[in-house]
Structure formats: C-alpha cells, structure tokens
Amino acid sequence: MSVWQVFLIMAVIFCTVSDLKHHVIPNSCLTMLLILGLIHISIEMTYGYLMMSIILVAAFTASRINLGGGDIKLISVIPLYLLNETGMFLFWLCISYLWYHFTGQGSKRQRAFAPAILFSVIMTMLCNV
C-alpha cells in the first residue's frame, strides 16, 4: 500500500464522518484530493486516469442515480489514487450501490453514501494486497 493510498483512506474517512454528521462532503477536502491526485498522476505519468475521472463525473451526473454532488465528486477523484485498481473499485462500488439501493438505505435523499464509497476503497485495497 502506497503513501498515496493511505492518504486516500484518511481523506475518505474524513468525508464519511462529515457525510454522516452533516450530510455534506466538504468541497475543501475534495479540492485537496483533486490537487494531490493530479500531482500523483503527473509523478506516475498516467494521464489516462484523469480522463477516467472526467468520464465518471459525466456518467454519474447524466444518470438518474440518487447520489449527491459530493458523492459524485468523491467517486470521480478516487481513480487518481488507485490507478490500475480502478476497475476493482468500480466493481465494489456497484456492489455497494446495489446493497444501498435494495436494502432501502438509498430510499431517502438525505442518506449518506460516503460509507459505501469507503467500503469500496477498503475492499479494493484488501483485494490487491
């Protein structure tokens, strides 16, 4: 596990706590994640993940999935840190969303989805150890 991934987990935990307490994911945290993620992909010279982040924002925004804007922005910056593990992250995210949707957790607009994003990040890292 790299330093970048440890930082990602810490930031997603912070976003999860904020989402659970206030139903808001702070833009300051998301901006910091974006800037450091851009530094990470420039160091690794893997610019394709920036395009994946842009596609994720467009796909989630265009779809009618019951997620807030902060959740969409948080999901979109994660590929900047996970790089080759992004496919596994999207798999766990789909599993999390299906559980969230079919168990009734997502039936109200004010439900926090950040814990499911945190679960997806952790499961991705555990599967790639």
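Bear in mind that the values here come from a model prediction, so they are computed numbers and not experimental data.

About the cut-offs
- Residues numbered from 1 in each chain as written.
- Predicted model: local features only at pLDDT ≥ 70, side-chain atom pairs only at ≥ 80, totals over all residues.
- Heavy atoms only, no water.
- Helix = DSSP H or I, 4+ residues; strand = E, 2+ residues; numbered from the N terminus.
- Rg over C-alpha atoms; globule rule 2.2 N^0.38 Å.
- Buried < 20%, exposed > 50% of the residue type's maximum accessible area, 1.4 Å probe, protein only.
- Contact = heavy atoms within 4.5 Å.
- Areas by Shrake-Rupley, 256 points an atom, 1.4 Å probe, with all protein chains shown as cover.
- Core = buried A, V, L, I, M, F, W, Y, C linked by side-chain atoms within 4.5 Å.
- Phe/Tyr/Trp six-rings, centres within 6.5 Å; stacked < 30°, edge-to-face > 60°.
- Axes fitted to C-alpha atoms, helices over the stretch in contact; angles between N-to-C directions.
- Parallel < 35°, antiparallel > 145°, perpendicular 65-115°, else oblique.
- Left-handed = near helix turned anticlockwise from the far one by under 90°.
- Nonpolar A, V, L, I, M, F, W, Y, C, P; charged D, E, K, R; others polar.
- Patch = residues over 30% accessible without salt bridge, like charges linked within 9 Å, V, L, I, M, F, W, Y side chains within 5 Å.
- Salt bridge = Lys/Arg side-chain N within 4 Å of Asp/Glu carboxyl O.

A. Just the overall build of the protein chain, in detail. Each helix and strand counted, the protein chain has 7 helices and 0 strands in total. Along the chain direction, N to C, the helices and strands of the protein chain fall in the order α-α-α-α-α-α-α. Its C-alpha radius of gyration of 14 Å places the protein chain within 12% of the 14 Å reference for a compact globule of 129 residues. Projected onto the principal axes, the alpha-carbon positions of the protein chain cover approximately 40 × 30 × 25 Å. Counting across all 129 residues of the protein chain, residues that qualify as buried make up 43%. Looking at the protein chain alone, contacts between residues at least 24 apart form 73% of all its contacts between residues at least 6 apart. Total accessible area on the protein chain is roughly 7100 Å²; 71% of this is exposed by carbon and sulfur atoms.

B. The arrangement of the nonpolar core in detail. Counting residues in hydrophobic clusters, the biggest one holds 35 residues, and the most contacted among them are L8, L33, L74 and F113. Looking at this core, the elements that each hand over two or more residues are α1 (3–22), α2 (27–44), α3 (48–62), α4 (69–77), α5 (79–82), α6 (86–102) and α7 (114–127). Beyond its immediate stretch of four places on either side in the chain, F113 contacts D19, L67, D71, I75, L93, S96, Y97 and Y100.

C. Examining the packing of aromatic side chains more closely. Applying the stated rule across the entire model yields 7 aromatic pairs. Plain terms: the ring middles of W4 and Y81 are 6.4 Å apart, the flat faces sit at 50 degrees to each other, and that makes the pair tilted. Within this pair, whereas W4 is found in helix α1, its partner Y81 is found in helix α5, the two being separated by 77 residues in sequence. Using a relative accessible area of 24% as the deciding quantity, one classes W4 as partly exposed. Grouping aromatic residues by their ring pairs yields a cluster made of W4, F7 and Y81.

D. Main features of the packing of α6 against α7. α7 packs onto α6 with a crossing angle of 140 degrees between their chain directions and a minimal axis gap of 8 Å. Classified by the angle their axes make, α6 and α7 are oblique. Relative to α7, α6 is oriented so that their crossing is right-handed. Residues M88, F89, W92, L93 and S96 of α6 lie in contact with α7, whose contacting residues are A116, I117, F119, S120, V121, M123, T124 and C127. Residue composition of the contact of α6 with α7, grouped by class: 10 nonpolar, 3 polar and no charged.

E. View of a nonpolar patch on the surface. A surface patch of nonpolar side chains, amounting to about 500 Å² of accessible area, comprises L34, L38, L50, M51, I54 and I55. Those elements giving two or more residues to the nonpolar patch turn out to be α2 and α3. Looking at the nonpolar patch element by element, the count peaks at 4 residues for α3. Secondary-structure assignment places I55 in helix α3.

F. Highlighting the packing of α2 against α4. At their nearest, the axes of α2 and α4 sit 10 Å apart, and the two run at 15 degrees to each other. The angle between the axes of α2 and α4 places the two elements in the roughly parallel class. Pair α2 / α4 crosses with left-handed handedness. For the pair α2 and α4, the contacting residues are N27, L30, L33 and L34 in the first and G70, K73, L74 and V77 in the second.

In short, the description is geometric, and any link to function would need to be established separately.
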